[in-house]
Structures are given as structure tokens and as C-alpha cells.
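# Coordinate analysis (summary)
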Amino acid sequence: RELVVSFGEMLIDFVPTVAGVSLAEAPAFLKAPGGAPANVAIAVSRLGGGAAFVGKLGDDEFGRMLAAILRDNGVDDGGVVFDAGARTALAFVTLRADGEREFMFYRNPSADMLLTADELNVELIKRAAVFHYGSISLIAEPCRSAHLRAMEIAKEAGALLSYDPNLREALWPSRDEARTQILSIWDQADIVKVSEVELEFLTGIDSVEDDVVMKLWRPTMKLLLVTLGDQGCKYYARDFHGAVPSFKVQQVDTTGAGDAFVGALLRKIVQDPSSLQDQKKLEEAIKFANACGAITTTKKGAIPSLPTETEVVQLIEKA
Ligand code: ATP
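Summary of the structure given here. Nothing here was measured: the structure is a model prediction, and the numbers come from that model. (Residues numbered from 1 in each chain as written. Predicted model: local features only at pLDDT ≥ 70, side-chain atom pairs only at ≥ 80, totals over all residues. Heavy atoms only, no water.)

## A word on the overall build of the protein chain
Put simply, the test is: Put simply, DSSP H or I for four residues or longer makes a helix, DSSP E for two residues or longer makes a strand, and each gets a number counted from the N terminus. When we talk radius of gyration, it's over C-alpha atoms, and the globule rule is simply 2.2 Å times the number of residues to the 0.38. What makes two residues a contact is simply this: any of their non-hydrogen atoms within 4.5 Å.
Each helix and strand in the protein chain was counted, giving 10 helices and 13 strands. In terms of C-alpha radius of gyration, the protein chain reaches 18 Å, essentially the compact-globule figure of 20 Å for 319 residues. In terms of principal-axis extent, the alpha carbons of the protein chain reach across some 50 × 45 × 40 Å. Sequence-distant contacts, at least 24 apart, represent 69% of the contacts inside the protein chain between residues at least 6 apart.

Below, the structure written as C-alpha cells:
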């Protein structure tokens, strides 16, 4: 049983054809399929692992295009349902001069927000070795209830739960609401990955020192990770913790690096779950995940830049 089932949103990012302009200044936009949970599923599959996606798309050309992208990438789309009355979500994304990404979403509501608990492919979720999700699916009902139910089904069936909150402040009614809801499912997860920005958002402290990270640790967790961009990441397991540096690459576009990192790590964990208790094995798995994240930054877009296992191994051997 090595299946990674990823739950949540899949959407299309519209990215300006030229860099460093505002949305208003952009002369034209390119379609870039994404959505963190979908990226994670494709990352796992690209590495040769079994992956499935659970979520709702609009019964429109964009929705069918996204489902085809999942299938073309070897991801089981048996958990995808279509909504005849709502559109596939869109997001317009720019990279500002300061390097931060700016998002403008079209979700009023979009199909992903309308998934109901009754529409869940229960049999598929029960087959998961790891069940992965973010927090965007918690923002609105009925998807929020479907998300909570899916977590229950997966946990009862013996899956490890993996959580990457993937904070998108613009989608929440307020920062406080975002923090409260993101933390409301914190204690259920076995594996949690946060970025530096999310660590500060959730703890209120701008530091990646161990005592700050430990505020997010729970005794029920098996692994807590803080990704640090080109610096690699810090990891905390039950009996040990440490840091693993990343690899030197020519960074072009960081979109999807975090998802590639998560996908690669989950791939390694389903192949050998004992990695969670063995520091040497865990560091090897994290090194693999860092390399996968690093490669993803060397090309534009998320899905096109996700590497194969051979490419990841090549980068590791070259270093
Ligand atoms: P995202 O931008 O997708 O939201 P994130 O903030 O969740 O990503 P990052 O810390 O940017 O995650 O990247 C995830 C991992 O990818 C890092 O831990 C690191 O291993 C690798 N990585 C990211 N950027 C670089 C880089 N410039 N050079 C080398 N490795 C990188």
C-alpha cells in the first residue's frame, strides 16, 4: 500500500507573460494549472509513485482540461467530481518587484468549494497510505465538512495524515479566522510542513529557532518540517531533530517548490514508513525532497518543472 491521496483544490493560475509587472500592467497571461494538493499528487506520480486526487472541478472546459492533466500525469482521478453549476477556480498571480507573489482569485463560489461529504470517493480514500491536504478547503462550506469527513475516513482506515496549510491570506475573511481555522485541524496530522512565513503567521514570532518551531509541535505528531527556501529545511521528529541543506541551483521560478518538496517526501515515506523513526533514513528522504524542490525552481511554472526520480538522483549525485 503506497498510494498518496491528495485532497483539495485544483485550479488555473493565470501568470503574466512578462515578469515584474502588476496585474493591470500585464499585457497577456499564460494558463498555469496548479492548486497545491493537485501539484503534490502530480509530484508523487512524476517520481514513479501511486497518487490520486480528490476534489471538485467545474463541468466546463477548464475543469475537463485539469482532469485530463491529472490523468496524463498518471494521477488517479477517480476522486474528481464535476459541478454543473459552478466554474473551475481561477487565480491571477503576479510576482511583485520584492519577489512576493500577489494573488487575485475568482471563487464566487468556485466548484472546488462546493464538494460535499456525500460526493467523496470513500473507497479511494480508504486505500491511502498517506492522505494529504491543505487549508484552503477549510475556508467555506460544504467543502469544509467534506474535508473533515475525508480526514476521518483516511485516519480510520490507517492512513498517515499529511498537512501543508499553504496559507493564502486573501482567501480568508480575516487573519484571525485563518489562524484559528488552520490550527483547528492541527492536532490530527501526523506530518506537518510549514514555510517560514507560515511559522511566523501561526506563532506570531519572526524566528525559526527551535523553541519557536516547538510551539507548533504536538506529542501526536510524527514529523514537523519548516522549509527555508534555498536554505533547505529544519525537521522535528519524536526522538530527534535537525536541519538538511538544499542544493545549489539557478532559481527561475519558485512556484511549486513546496509542493514538490512535500510530494517527494511523501513518496519516500510511503516506500519506507520506518524513515519516520530513523534519523539517518529521514535525513536521506529530506535530502531527496530538497533536491526535488530545488529542481522545481529551475523552470517556470509548477507542474512542468516537477522532476522525475532520475533527475532528482542526478542532482544529488552531482552535488
Ligand atoms: P512555495 O513557494 O511553493 O509556496 P514553500 O515556501 O512552501 O514553497 P520553499 O521553502 O520555497 O517552500 O521550498 C521548498 C523546498 O524546496 C525548500 O525546503 C528547499 O529544499 C527547496 N528550494 C526552494 N527554493 C530553493 C532554491 N532557490 N535553491 C535550492 N532549493 C530550493
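## A word on the pairing of strand β10 (residues 191–195)
Within a regular beta strand, the side chains point alternately toward one face of the sheet and then the other, so they alternate between its two faces. The condition that has to hold: Buried residues are those whose accessible area, probed at 1.4 Å on protein chains only, stays under 20% of the maximum for their type, while exposed residues exceed 50% and partly exposed ones sit between those limits. At least two bridges found by DSSP between two strands are what make those strands a pair.
For β10, the buried fraction is high: four of the five residues fall into the buried class. Pairing of β10 with strand β11 (residues 223–227) involves five bridges; the strand directions are parallel. Bridged to I191 within β11 is L223.

## So, the packing of helix α8 (residues 257–271) against helix α9 (residues 279–296)
The relative placement of two packed helices comes down to the angle between their axes together with the axis-to-axis distance. Our working definition: Under this scheme, a helix contributes an axis fitted over its contacting stretch, all axes are lines through C-alpha atoms, and angles between N-to-C directions fall in the 0 to 180 degree range. Should an angle fall under 35 degrees it is called roughly parallel, over 145 degrees roughly antiparallel, and 65 to 115 degrees roughly perpendicular, with every other angle called oblique. In this scheme the handedness of a crossing depends on how the near helix is turned from the far one: anticlockwise by less than a right angle means left-handed, clockwise means right-handed. For this scheme, ten residues count as nonpolar: Ala, Val, Leu, Ile, Met, Phe, Trp, Tyr, Cys and Pro. Four count as charged, namely Asp, Glu, Lys and Arg, and the remainder, Gly too, count as polar.
Direction vectors running N to C along α8 and α9 enclose 150 degrees, while the axes themselves pass 7 Å from each other. By the angle between their axes, α8 is roughly antiparallel relative to α9. As for how α8 packs across α9, the hand of that crossing is right-handed. Taking contact as the criterion, the partners of A257, A260, F261, A264, L265 and K268 in α8 are, on α9, A285, I286, F288, A289, N290, C292, G293 and T296. Residues belonging to the contact of α8 with α9 are distributed by class as follows: 10 nonpolar, three polar and one charged.

## Brief notes about the site of the ligand
As a reminder, the rule being used: One heavy atom within 4 Å of a molecule or strand is enough for the residue carrying it to be called near that molecule or strand. In protein, a polar contact means a hydrogen-donor-capable atom and an acceptor-capable atom, both N or O and within 3.5 Å, with residues adjacent in sequence counting only if both atoms are side-chain atoms; elsewhere, any N or O pair within 3.5 Å suffices. Note on areas: these come from Shrake-Rupley sampling with a 1.4 Å probe, and a residue is covered only by the protein chains present in the view.
As a structural note, the neighbourhood of the ligand is formed by 21 residues, with K193, G229, S246, Q251 and N290 the closest of them. At 3.0 Å from an oxygen atom of the ligand is found a main-chain nitrogen or oxygen belonging to G258. Within the side chain of N290, a nitrogen or oxygen atom sits 2.7 Å from an oxygen atom of the ligand. Within the complex, 88% of the 620 Å² of free accessible area of the ligand lies under protein. If you list the elements that add at least two residues to the shell around the ligand, you get β10, α8 and α9. Its residues assigned to classes, the shell around the ligand comprises six nonpolar, 12 polar and three charged.

## Observations regarding the pattern of salt bridges
The cut-off we apply is this: Any carboxyl oxygen of Asp or Glu within 4 Å of a side-chain nitrogen of Lys or Arg constitutes a salt bridge here.
Evaluation of the coordinates by the stated rule reveals 17 salt bridges. Here D83 ties to K56 by a salt bridge, and the two come within 2.9 Å at their closest N and O atoms. Of this pair, D83 sits in strand β5 (residues 76–83) while K56 is found in strand β4 (residues 51–58), placing the two residues 27 residues apart along the sequence. On the basis of relative accessible area, K56 is assigned to the buried category, the value being 6%. Notably, a salt bridge pairs K281 with D272, separated by 3.0 Å at the nearest N-O pair. Several salt bridges converge on common partners, so that one network encompasses K56, D83 and E119.

## Quick look at the packing of aromatic side chains
Let me state the cut-off plainly: Each aromatic pair joins two rings of Phe, Tyr and Trp (for Trp, the six-membered one) with centres within 6.5 Å, and gets the label stacked for planes under 30 degrees apart, edge-to-face for over 60, and tilted for any other angle.
Under the defined criterion, the tally for this structure stands at 10 aromatic pairs. Considering the side-chain rings of F14 and F92, the 5.1 Å spacing of their centres and the 25 degrees angle between planes classify their relative orientation as stacked. Here F92 lies in strand β6 (residues 90–95) and F14 lies in strand β2 (residues 11–16), a separation of 78 residues in the sequence. Like F92, F14 is buried. By way of ring pairs, the aromatic residues F7, F131, Y133, Y163 and W186 are connected into one cluster.

## Describing unusual backbone geometry
N108 connects to P109 through a cis peptide bond whose omega is -20 degrees. Looking at the secondary structure, you find P109 in the loop between β7 (101–106) and α3 (122–126). Between E141 and the following residue, P142, the backbone shows a cis peptide bond with an omega angle of 5 degrees. Along the chain, the position of P142 falls in the loop between β8 (130–133) and α4 (143–156). With a phi close to 50 degrees, N166 is a non-glycine residue in the positive phi region. Residue classification places N166 among the buried positions, given a relative accessible area of 12%.

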